[in-house]
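Breakdown of the fold
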Amino acid sequence: MSTSVSMGTSTGTTLLLARHGQTVWHAENRYAGISDVALTDTGRAQAEALGRWAATHPVDAIWTSPVSRAVITADPACRALGLTPHREPGLRECDFGVLEGRTLAEFAAEDPVAAEAFRADPVAHPFPDAENPALAAERGAAALRRIAVAHPGERVLVVAHNTLFRLVLCTLLSIPVGEYRRVFPRLRNAAISELLVRTDGSAALLSLNVPCEADLP
């Protein structure tokens, strides 16, 4: 889906979801989760592109995960719009337990049975010592609903994380959360996904992975 981003609506709140910029673990697809991982030069360029996008689109408020890679990604947009970002603890990324800083391939080499169970149903069979994905989905969905209630009829840029957003999208769109890896394989760094959260709490996905600038990875 790559439709253009629309204007806000008085029947709900438009949330403009953006994953943080590329990190130093991105190239090897290492799980970052709660780890404090720095942005790469590409990630910082993606953050600047998000700032340029925000400067030319209606945005009334900015909310971020408290994790530094999300805060830093949102900073150019905050500067461009003169907005002070709000921090929402419920938007932090999932804790991936023993997979923090590791790849799924590394885990599979160590425990192929557990890795295959995760691939089959990542919610029923999360990584050892990881946060319960179903509970992460609930806290993330509750966070987005709180943001929507705080900004009725407005357009809000929300900068957070890949897995959390995918879990939350499943929850808000009534998709089984165990399907999040299949239905939403990846959210692109600093791309925009537009979600309408209506006043009754229901939601509609209006666009997915729309790049801020066409030439960015």
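Residues numbered from 1 in each chain as written. Predicted model: local features only at pLDDT ≥ 70, side-chain atom pairs only at ≥ 80, totals over all residues. Heavy atoms only, no water.

Focus: the overall build of the protein
Secondary structure summary: the protein contains seven helices and six strands in total. Each helix and strand of the protein, ordered N terminal to C terminal, gives the series β-α-β-α-β-α-α-α-β-α-α-β-β. What you see for the protein is a C-alpha radius of gyration of 17 Å, in line with the 17 Å of a compact globule of 217 residues. In terms of its C-alpha atoms, the protein occupies a principal-axis envelope of roughly 50 × 40 × 30 Å. The burial tally for the protein puts 52% of its 217 residues in the buried class. Taking contacts inside the protein between residues at least 6 apart in sequence as the whole, the part at least 24 apart equals 70%. Of the roughly 9,400 Å² that the protein leaves accessible, carbon and sulfur atoms contribute 54%. (Helix = DSSP H or I, 4+ residues; strand = E, 2+ residues; numbered from the N terminus. Rg over C-alpha atoms; globule rule 2.2 N^0.38 Å. Buried < 20%, exposed > 50% of the residue type's maximum accessible area, 1.4 Å probe, protein only. Contact = heavy atoms within 4.5 Å. Areas by Shrake-Rupley, 256 points an atom, 1.4 Å probe, with all protein chains shown as cover.)

Here's the deal with helix H1 (residues 41-55)
Helix length check: H1 (15 residues) gives 21 Å between terminal C-alpha atoms against 21 Å at 1.5 Å per residue, within 8%. Every buried residue belonging to H1 is among Gly43, Gln46, Ala47, Ala49, Leu50, Gly51, Trp53 and Ala54, and all of these are buried. Where H1 is buried, its residues touch strand E1 (12-19), helix H2 (68-81), strand E4 (155-160) and strand E5 (192-198). (Expected span 1.5 Å × (residues − 1).)

Points about the pairing of strand E6 (residues 203-210)
When you tally the buried positions in E6, you get seven out of eight residues, the bulk of the element. For E5 and E6, the ladder comprises five bridges, and the chain directions are antiparallel. Residue pairing in the sheet places Leu196 in a bridge with Ala204 of E6. Between E5 and E6, which pair antiparallel in sequence order, lie four residues; one of them, Gly201, sits at a positive phi of approximately 95 degrees. (Pairing = 2+ DSSP bridges.)

As for the pairing of E5
E5 sits mainly inside the fold: six of its seven residues count as buried. Two elements, E1 and E5, share seven bridges in a ladder whose sense is antiparallel. Its bridge partner lying in E5, Leu16 is registered against Glu194.

Considerations on the pattern of salt bridges
Under the counting rule described, the total for this entry stands at eleven salt bridges. In this structure, Arg44 and Asp41 form a salt bridge, with 2.2 Å as the shortest nitrogen-oxygen distance. Of this pair, Arg44 and Asp41 both sit in helix H1, three residues apart, roughly one helical turn. Residue classification places Arg44 among the partly exposed positions, given a relative accessible area of 42%. (Salt bridge = Lys/Arg side-chain N within 4 Å of Asp/Glu carboxyl O.)

Comments concerning the packing of helix H5 (residues 133-150) against helix H6 (residues 162-172)
Viewed as axis vectors pointing N to C, H5 and H6 meet at an angle of 75 degrees, and their least axial separation amounts to 8 Å. The angle between the axes of H5 and H6 places the two elements in the roughly perpendicular class. Along the contact surface, H5 presents Pro133, Ala136, Ala137, Arg139, Gly140, Ala141, Leu144 and Arg145, while H6 presents Leu164, Leu167, Val168, Thr171 and Leu172. Across the contact of H5 with H6, the residue classes break down as nine nonpolar, two polar and two charged. (Axes fitted to C-alpha atoms, helices over the stretch in contact; angles between N-to-C directions. Parallel < 35°, antiparallel > 145°, perpendicular 65-115°, else oblique. Nonpolar A, V, L, I, M, F, W, Y, C, P; charged D, E, K, R; others polar.)

Structural notes on the confidence of the model for the protein
Mean pLDDT for the protein: 93, with 94% of residues reaching 70 or above. Segment residues 1-9 is flagged for pLDDT under 50; beyond a separation of four residues in sequence, or across chains, it makes 26 contacts in the model. (pLDDT = per-residue confidence, 0-100.)

Re unusual backbone geometry
Phi at Asp129 takes a positive value of approximately 65 degrees, unusual for a residue other than glycine. Among the structural elements, Asp129 can be located in the loop between helix H4 (112-120) and H5. What makes Asp129 exposed here is its relative accessible area of 67%. Located in the positive-phi region is Ala190, a residue other than glycine, with phi close to 65 degrees.

Points about the sheet that holds E1
Spatial strand order, E3-E2-E4-E1-E5-E6: six strands in an open sheet with mixed pairing. Both outer strands of the open sheet, strand E3 (86-87) and E6, are each paired with one neighbouring strand and no more. Sitting on the sheet, H2 touches E1, strand E2 (61-64), E3 and E4, and the angle it makes with E2 is about 170 degrees. The strands that H6 touches are E1, E4, E5 and E6; relative to E1, the one it contacts most, it runs at about 150 degrees.

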